[in-house]
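# Overview (structure and organization)
Now for the letters of each chain:
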2 protein chains.
Amino acid sequence: MPEQPELTIQGWGPHPADGSTDSTGDRAPALEATLPKAARRHLARELGWTPRRTPPVAVDDIRLTPSRLPDAARAALAGVVGEENVRTDRESRLRRAGGKSYLDLLRRREGDASDAPDAVVLPGTTDETAALLAVCSEHDVVVVPFGGGTSVVGGLAGVDPDDRPAVVLDLGRMASVQDLDVPSSLVTVGPGMRGPALEEALGREGLTFGHLPQSWEFATIGGYAATRSSGQASTGVGRFDELVAGLTLATPSGVLELGHPPASAAGPDLLGLALGSEGTLGVITEVTLRVRPKPTTTAYEGWSFRTWAAGLAALQRLARHDLLPDVVRLSDGDETRANLLNAGGAGARMLRRMLRARGHGEGCLLVVGWEGLPEIVRARKRAGSALLREGGAIRVGRTVGESWRRHRFGAPYVRDSLLDAGLLVETLETAATWSALPTVYDAVRRALRESLTVSGRRPLVMTHLSHGYPTGASLYFTVLADRDDALPIQQWLGAKRAATDAMLAAGGTLTHHHAVGADHRPWLEREIGRLGVEVLRAVKARLDPKGICNPGVLLPD
Amino acid sequence: MPEQPELTIQGWGPHPADGSTDSTGDRAPALEATLPKAARRHLARELGWTPRRTPPVAVDDIRLTPSRLPDAARAALAGVVGEENVRTDRESRLRRAGGKSYLDLLRRREGDASDAPDAVVLPGTTDETAALLAVCSEHDVVVVPFGGGTSVVGGLAGVDPDDRPAVVLDLGRMASVQDLDVPSSLVTVGPGMRGPALEEALGREGLTFGHLPQSWEFATIGGYAATRSSGQASTGVGRFDELVAGLTLATPSGVLELGHPPASAAGPDLLGLALGSEGTLGVITEVTLRVRPKPTTTAYEGWSFRTWAAGLAALQRLARHDLLPDVVRLSDGDETRANLLNAGGAGARMLRRMLRARGHGEGCLLVVGWEGLPEIVRARKRAGSALLREGGAIRVGRTVGESWRRHRFGAPYVRDSLLDAGLLVETLETAATWSALPTVYDAVRRALRESLTVSGRRPLVMTHLSHGYPTGASLYFTVLADRDDALPIQQWLGAKRAATDAMLAAGGTLTHHHAVGADHRPWLEREIGRLGVEVLRAVKARLDPKGICNPGVLLPD
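Residues numbered from 1 in each chain as written. Chains lettered and ligands numbered in written order. Predicted model: local features only at pLDDT ≥ 70, side-chain atom pairs only at ≥ 80, totals over all residues. Heavy atoms only, no water.

## Some points on a positive patch on the surface
Together, A:Arg378, A:Arg382, B:Arg378 and B:Arg382 line one region of the surface with positive charge. Looking at the positive patch, the elements that each hand over two or more residues are helix 15 (374-390) of chain A together with helix 15 (374-390) of chain B. When you line up the elements, A:Arg382 lands in helix 15. (Patch = residues over 30% accessible without salt bridge, like charges linked within 9 Å, V, L, I, M, F, W, Y side chains within 5 Å. Areas by Shrake-Rupley, 256 points an atom, 1.4 Å probe, with all protein chains shown as cover. Salt bridge = Lys/Arg side-chain N within 4 Å of Asp/Glu carboxyl O. Lys, Arg positive; Asp, Glu negative; His and termini not counted. Charge placed at Lys NZ, Arg CZ, Asp CG, Glu CD. Helix = DSSP H or I, 4+ residues; strand = E, 2+ residues; numbered from the N terminus.)

Structure below.
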């Protein structure tokens, strides 16, 4: 297995240690080295924020309580996977503590690792995983499955109402291709495999999987399955859950082999119960995915709409005729302005001037990407572009598309620098039908603004639509505000609560691709109803009778 | 609501009563009026079958035991829906007895209606349905939901291990459009609505749903959802289950509102539990479907391959490149020969001659249909046709495609005439990955042949591939044999058992679109595992604690 980058303990990283900044790999470069001056001035003006240095505590100063794993449990776990795969050292526990939400980072930056597991255990096979679950059931030890550790909704919270000891099951050893059935376009992989390694293995056969979320370098196939991930090309390629043809779920009650490609009418869909189960029913130990030939043509380009409403209307028309590009990303006015300022350079200045000249000065940029066979791409692109023009869009060329593509995984890295400079930075997302989308957009923005506007300081809310469906689309909100250094957690919890209430009331779903985790638990009943929650509880009771599987997430207490 | 045709009590029908045959609507025309002479001679030669007259008993002679519905239960049911919607008359009970499998028809033709319900109850709303379920729970009355009555797997068996009284919940009164959200391409309808009525309502808005199973004139939206139906254009349009954006399930424990279009990552998929639940968890009372604009171009045509293997290989290549037509139907040699003989006429003779001249005399016909926007259809058809040619196919023109299209719903009508002439006629189906498909095809045919070959009589097994996916395809087998008039049920049960065992052993799924019903129950555990069955039981126990919901199907005893 090639060397893979690891996330830093207190942020996203690793950051380039190039000498031009104070970056040392773990530490983010200063904001001055990350954002152009115009962008920083724009932020200061919008937010009423004064740039300041708010670095995290040193990693050595993070507080970690001693492991509570009982000796008997430890011995039994080691009996399954060997001593070397049961780890209780400080570094292992810190690196597997929680995920990468704003709240996670706030805690870690303040030196709080109270959510760290008591041990990290590394199974090598499905059988070992099942045996570990049996041991943990017997010894009343909570189990949190861990893939890439990139959850932004508290999916790795490890919080247990009964406060039992907790181990993280790190799936990093189960990261290889198990089977490749080229005629059937199916690959079976271990849950710990990451996207880049998968693409490398498939690329040798002229194949691709094509799932590209922002966490691409770190997140794992098992994690995508457990959370119903979607990626930047999901409009064309499909959501991750649509691409899963089968999976193996090890549970405390035994092993489930789910899915029967290509399709089956043999009763209710149990595969769909495992997808999105977030570790609450067991541990995903193998995933079979649909792959495809590498696209022979890719064409990325930018378009501009005068207004957000015009952009939505045009994309709805494309969606209705099944003409949405494989990648589609419409930024609202606030996000477009920020992106153009962030881009900096002469090209961006020229683009801004051109857009102003054509009456799109306050407009909305759209990035589209077409991928596939040349003759099909050509026909779809021609028909799609005609509809975009009819909808009032002007083409702004390939530079915008290619530039987005180059920076597509960049935002979480910049977040570390923003956090170091006294800012609140978080994202949230939803999806709604085309009919409900404008209302959801307005409601969430209003709620965030009202909650985060205090004595002259106000938030910047930037939004894009990034996954289109025939029936609707997702919305992704990025929030920036001057951080309340006294009560930063409460500041965000209040805004999150207001935004989520507003989102659901307007018809949006609780989450389009971030999952439920600990953070969205209080709203699950509003999303699926009390009886829906009861059905999930019944399934969990059958598979995990002692409730050891990731008790802190998904299901409300 | 326009007048809708009703299935006959002992067969498919209604048949044309045109005077040229002995047909009177309920009775099928004689085989001489249905199949050309060459086709009948082919059958006699292949099967070792002597045509004979084996008509069903008169409908008046069908044996029906008196209703066992207790008066108290009847009164309580009538309290919910009114006296006029609780029916115990002979006609109502006979018309809602069982489905339309070969076994169903054998029983009904012999005068056996022991599976008839004790009453037929017609709810008008979700609330009424929920109230009826509560009444039935209280009075220990089994509930069998009834849509079109077209199940071919014993989905309406109504068999209860505890032999409690049973009512059919006929959903025919809940058959209207509840909501049409044109911008979001979503329509919400009652479960009793049939395809033609839905298409008529959508057509007025320039929309279509496009689900076209062979049972199209009779089957209902609720039935499609409960059984995970697929249709003749599902390769392009999608399986029915993929087109359900939401549904309402009334259960004895309350009402579930499932699905959140366009997509959600809020935990496991409960909608997928209701789809395919076959009435065992409750009654589907509302379904929200994704619709699309009516295609502006449709192009149907025929192709021929020299061999089945060449046809499979070519379709696999199209599938891999996402170039499968919207309709794709590859017949094997046995089915191709029979279809050409059935077609009769000068056109079919010319076609046979042309195919022989080009070395395709023993070949396999492929029907393809392209639908959609003209420019997209053109590009896809050109690229797909190039791959077909590279795979050795020759184009045989539009007549074959259009002829198939005209007769696409015809086979079940012909079955009645075949049954009247002493034949066994049944179909079965599966799906498998492209890699497993050839093995599954061989195994099922061999099992059917071995089971049904007795003293010089042997079956004719005709097969087609009719739903292509990137990862595999479905196979549909039609079996004809000289009926064993002494033990017809045992004759078929033996063949079905052998074929199903062989299918599963070779890697096929238990069913691709017929569902589980009573007939496939014994194999469900082999399909989803013992723990999988236990999970379904846990869900059922939560929603239907007294086990009144369609106890005879899906879950093994």
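## Topic: the packing of aromatic side chains
Residues and elements named next belong to chain A. Considering all chains together, one arrives at 14 aromatic pairs over all chains under this definition. Look at Tyr-224 and Phe-240: their rings are 5.3 Å apart centre to centre, the planes differ by 50°, and that puts the pair in the tilted class. Note that Tyr-224 is positioned in helix 8 (residues 221-227) and Phe-240 in helix 10 (residues 240-243), a separation of 16 residues in sequence. The pair Tyr-224 / Phe-240 is uniform in exposure class, with both members buried. Ring plane angle 20° and centroid distance 6.3 Å describe the contact between Tyr-300 and Trp-404, whose orientation is recorded as stacked. (Phe/Tyr/Trp six-rings, centres within 6.5 Å; stacked < 30°, edge-to-face > 60°. Buried < 20%, exposed > 50% of the residue type's maximum accessible area, 1.4 Å probe, protein only.)

## Things to note about the packing of helix 3 (residues 71-81) of chain B against helix 6 (residues 126-139) of chain B
Residue and element names in this part refer to chain B. Two elements in contact, helix 3 and helix 6, have axes whose closest approach is 9 Å; the angle formed by their N-to-C orientations is 170°. Viewed along their axes, helix 3 and helix 6 adopt a mutual orientation that is roughly antiparallel. You can see that helix 3 and helix 6 cross each other, and the crossing is right-handed. Here Ala-72, Ala-73, Ala-76, Leu-77, Val-80 and Val-81 of helix 3 lie close against helix 6, whose contacting residues are Glu-128, Ala-131, Leu-132, Val-135, Cys-136 and His-139. Tallied by class, residues from the contact of helix 3 with helix 6 come to 10 nonpolar, 1 polar and 1 charged. (Axes fitted to C-alpha atoms, helices over the stretch in contact; angles between N-to-C directions. Parallel < 35°, antiparallel > 145°, perpendicular 65-115°, else oblique. Left-handed = near helix turned anticlockwise from the far one by under 90°. Contact = heavy atoms within 4.5 Å. Nonpolar A, V, L, I, M, F, W, Y, C, P; charged D, E, K, R; others polar.)

## Comments concerning the packing of helix 2 (residues 37-47) of chain A against helix 13 (residues 333-343) of chain A
All names here are of chain A. The contact between helix 2 and helix 13 brings their axes to 7 Å, and the two run at 145°. Residues Ala-38, Ala-39 and His-42 of helix 2 touch helix 13, and the partners they reach there are Arg-337, Leu-341 and Asn-342. Across the contact of helix 2 with helix 13, the residue classes break down as 3 nonpolar, 2 polar and 1 charged.

## Observations concerning the environment of B:Leu171
All names here are of chain B. Within the secondary structure layout, Leu-171 lies in the loop between strand 4 (166-170) and strand 5 (177-181). Its relative accessible area of 5% is what places Leu-171 among the buried residues. In this view, Leu-171 contacts Pro-123, Pro-145, Phe-146, Pro-191, Gly-192, Val-283 and Ile-284; residues no more than four positions away in its chain are not counted.

## Structural notes on the sheet that holds strand 4 of chain B
Residues and elements named next belong to chain B. Read across the open sheet, the 4 strands follow the order 1-2-4-3; overall the sheet is mixed. Edge strands, defined here as strands with exactly one partner in the open sheet, are strand 1 (86-87) and strand 3 (142-146). As paired strands, strand 3 and strand 4 are joined by 5 bridges and run parallel to one another. Counterpart to Pro-145 in the pairing with strand 4 is Leu-169. (Pairing = 2+ DSSP bridges.)

## Considerations on helix 18 (residues 437-452) of chain B
Residues and elements named next belong to chain B. The terminal C-alpha atoms of helix 18 lie 23 Å apart, and with 16 residues this matches the ideal 22 Å at 1.5 Å per residue to within 8%. Looking at helix 18, one finds that the buried residues are Leu-437, Val-440, Tyr-441, Ala-443, Val-444, Arg-445, Ala-447, Leu-448 and Leu-452. Structurally, helix 18 contributes buried residues whose contacts are with helix 12 (308-320), helix 13 (333-343), strand 16 (423-433), strand 17 (460-468), strand 18 (472-482) and helix 19 (488-505). (Expected span 1.5 Å × (residues − 1).)

## Topic: the pairing of strand 17 of chain B
All names here are of chain B. Burial of strand 17 is extensive: 9 of the 9 residues sit out of reach of the surface. One ladder, built from 2 bridges, connects strand 13 (residues 327-331) with strand 17; its direction is antiparallel. Looking across to strand 17, one finds that Leu-330 is bridged to Leu-465. The sheet contact formed by strand 17 and strand 18 spans 7 bridges and is antiparallel.

## Considering the relation of the copies chain A and chain B
Rotating chain A by 180° about the axis while translating it 0.0 Å along that axis superimposes it on chain B, leaving an RMSD of 0.0 Å. Both copies are brought into coincidence by an operation consistent with a two-fold rotation axis. Interface overlap between copies: 100% of the residues of chain A at the interface are likewise at the interface in chain B, consistent with a symmetric, same-surface contact. (Least-squares fit on C-alpha atoms with pLDDT ≥ 70 in both.)

## Some thoughts on the sheet that holds strand 9 (residues 254-258) of chain B
Residues and elements named next belong to chain B. Across the sheet, which stays open at both edges, the 5 strands sit in the order 5-6-10-8-9 with antiparallel pairing between neighbours. The open sheet has two edge strands with one neighbour each: strand 5 and strand 9. Within this sheet the neighbouring strands show an average axis-to-axis angle of 10°, counted without direction. Across 6 bridges, the pairing between strand 8 (residues 244-251) and strand 10 (residues 283-290) is antiparallel. In the strand pairing of strand 10, Leu-249 is matched with Ile-284. The sheet contacts of helix 6 involve strand 8, strand 9 and strand 10, and relative to strand 8 the element is tilted by about 40°.

## Regarding the side chain of A:Ser331
Mapped onto the elements, A:Ser331 comes out in strand 13 (residues 327-331). Discounting residues that sit within four places of it in the chain, A:Ser331 has contacts with A:Trp308, A:Thr336, A:Asn339, A:Cys364, A:Leu365, A:Thr463 and A:His464.

## Things to note about the pattern of salt bridges
By the definition in use, this model includes 70 salt bridges over all chains. The partner of A:Asp140 in a salt bridge is A:Lys546, and the shortest N-O contact between them spans 3.8 Å. Of this pair, A:Asp140 sits in the loop between helix 6 (126-139) and strand 3 (142-146) while A:Lys546 is found in the segment after helix 20 (524-543), placing the two residues 406 residues apart along the sequence. A salt bridge links B:Asp334 to B:Arg337; its shortest N-O distance comes to 3.5 Å. Linking B:Asp334 with B:Arg337, this pair stays in helix 13, spanning 3 residues, or about one helical turn. For B:Asp334, a relative accessible area of 14% corresponds to the buried category. Using a relative accessible area of 30% as the deciding quantity, one classes B:Arg337 as partly exposed.

Scope: geometric values only; no functional claims are made or implied.
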